[in-house]
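Spelled out from the first residue to the last, the chains are:
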Amino acid sequence: MPSKGKHRRTKARSITRGFIAVGTGGAALVLPLMGATTAGAAQPAAAPTAVAPAAVKAAPKTYSVVAGDSLSKIAAAHSLSGWKELYEDNRAVIGDKPSLIHPGLKLTIGAKAKAPAKPAAKATPAADRADRSQTRAAVAKTTTYTNDLDGWIKESLAIMAKHGIPGTYEGIHRNIMRESSGNPRAINNWDSNAVAGTPSKGLLQVIAPTFAAYHVPGTSMDSYDPVANITAACNYAADRYGSIDNVNGPY
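Residues numbered from 1 in each chain as written. Predicted model: local features only at pLDDT ≥ 70, side-chain atom pairs only at ≥ 80, totals over all residues. Heavy atoms only, no water.

1. A look at the packing of aromatic side chains
For any pair of aromatic rings, geometry is given as the distance between the ring centres together with the angle between the planes. Filter applied, for reference: Aromatic rings from Phe, Tyr and Trp, taking only the six-membered ring of Trp, are treated as a pair when their centres fall within 6.5 Å; an angle between ring planes under 30 degrees marks them as stacked, one over 60 as edge-to-face, and anything in between as tilted. Think of it this way: any DSSP run of H or I at least four residues long counts as a helix, any run of E at least two long counts as a strand, and we number them from the N terminus. Burial classification: accessible surface area is computed with a 1.4 Å probe over protein chains only, and a residue below 20% of its type maximum counts as buried, one above 50% as exposed, and the rest as partly exposed. When the NZ atom of lysine or the CZ atom of arginine is within 6 Å of a ring's centre and also within 35 degrees of its normal, the charge is said to sit over that ring.
A full pass over the atoms with the stated rule returns 3 aromatic pairs. Ring geometry for tyrosine 236 and tyrosine 251: centres 6.0 Å apart, planes at 35 degrees, overall tilted. In this pair, tyrosine 236 is assigned in helix 9 (residues 226-241) and tyrosine 251 in the segment after helix 9, connecting sequence segments 15 residues apart. Note on tyrosine 236: relative accessible area 12%, which makes it buried. An aromatic cluster is defined as three or more aromatic residues linked by ring pairs; in this entry it consists of Tyr214, Tyr236 and Tyr251. The lysine or arginine in question, arginine 185, covers the ring of tyrosine 224, its NZ or CZ lying 4.0 Å from the ring centre.

Right, here's the structure in full:
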């Protein structure tokens, strides 16, 4: 304790940094203190400078042309630099004439449009005929016919179709039943043809000269052969009457 009547000035202490412990019964929280003689109060940390995000380019989109549209009108509506930019991006779908756009045409806004896929090359008539011939040949190889009147007529019709000879199942069957009753070995030995030495033979009663003249390649040279007889007779009927279907009596 100082002597009475004297006052001793307490020497000021420079406290630059210290700690005060505040007790709460056991645990102590230690806090830093800034001294009174510090050069100045600490400046708050500067807020981080916001960095502007990089400009994001708008995603391309598709526009469908409507009636009354023009490239200039569409470009203005989508804030493009002009119709030429829109045209260059879509030249592949517009073509060489930018003024000829039509309703329903799809334009790409903001990117180059992809060229439309080219349609598959169309087969030439010759190639198409060759394909059909190959198909018919494949069918002919795999198709079997019964050895009876029904099978003979169907096989003849297939050969006739290959050679462009007209005729139907009904027309052939009707004339066979009148001429031979369906007997492939039928022969006429009494009419004028027989007297002349060329009797009518087979399902459709064809004489030898007619059979030879109208024989269809790929069939038998035997006029008694049912398929050869039918196709030769139908070939003759097509030449003279337009079709075996038009024959309703002796021919």
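Now, onward.
2. Regarding the packing of helix 5 (residues 149-163) against helix 6 (residues 169-179)
Selection criterion: Helix axes use the C-alpha atoms of the stretch in contact, all axes being lines fitted to C-alpha atoms, and the angles between their N-to-C directions lie in the range 0 to 180 degrees. Angular relationships are summarised with four words: roughly parallel below 35 degrees, roughly antiparallel beyond 145, roughly perpendicular across 65 to 115, and oblique for the angles in between. Rotating anticlockwise by less than a right angle from the far helix to the near helix defines a left-handed crossing, while the corresponding clockwise rotation defines a right-handed one. In this analysis, two residues are considered to be in contact whenever any of their non-hydrogen atoms come within 4.5 Å of each other. Note that Gly is not counted as nonpolar here; it falls among the polar residues with everything else outside the nonpolar set of Ala, Val, Leu, Ile, Met, Phe, Trp, Tyr, Cys and Pro and the charged set of Asp, Glu, Lys and Arg.
Where helix 5 meets helix 6, the closest approach of the two axes is 10 Å, and the angle between their N-to-C directions is 130 degrees. Classified by the angle their axes make, helix 5 and helix 6 are oblique. Between helix 5 and helix 6 lies a crossing of right-handed hand. Residues Leu149, Asp150, Ile153, Lys154, Leu157 and Met160 of helix 5 touch helix 6, and the partners they reach there are Tyr169, Ile172, His173, Ile176 and Met177. Partitioned by chemical class, the residues of the contact of helix 5 with helix 6 number 8 nonpolar, 1 polar and 2 charged.

3. Here we look at unusual backbone geometry
A positive phi is found at serine 79, a non-glycine position, where the angle reads about 55 degrees. Mapped onto the fold, serine 79 is located in the loop between helix 1 (71-77) and helix 2 (83-89). The class for serine 79 is exposed, based on a relative accessible area of 68%. Positive phi, normally seen in glycine, also occurs at glutamine 205, with a value near 50 degrees. Mapped onto the fold, glutamine 205 is located in the loop between strand 6 (200-201) and helix 8 (208-214). With relative accessibility at 14%, the residue glutamine 205 sits in the buried group.

4. Quick word on helix 9
Basically, it comes down to this: Multiplying one less than the number of residues by 1.5 Å gives the expected span of a helix. Throughout this description, a polar contact denotes any pair of N or O atoms lying within 3.5 Å of each other; where both atoms belong to protein, one of them has to be capable of donating a hydrogen while the other can accept it, and for residues adjacent in sequence the pair is counted only when both atoms sit in side chains.
Taking 1.5 Å per residue as the helical rise, helix 9 with its 16 residues ought to reach 22 Å, and the 21 Å between its terminal C-alpha atoms agrees with that figure. All of the buried residues in helix 9 are Pro226, Val227, Ala228, Asn229, Ile230, Thr231, Ala232, Ala233, Cys234, Tyr236 and Ala237. In the core, the buried residues of helix 9 are packed alongside helix 5, helix 6, strand 6 and helix 8. Where helix 9 begins, one side-chain oxygen reaches toward the backbone nitrogen of valine 227, 3.2 Å away; that side chain belongs to aspartate 225. Just downstream of helix 9 lies glycine 242, where phi reads positive at about 100 degrees.

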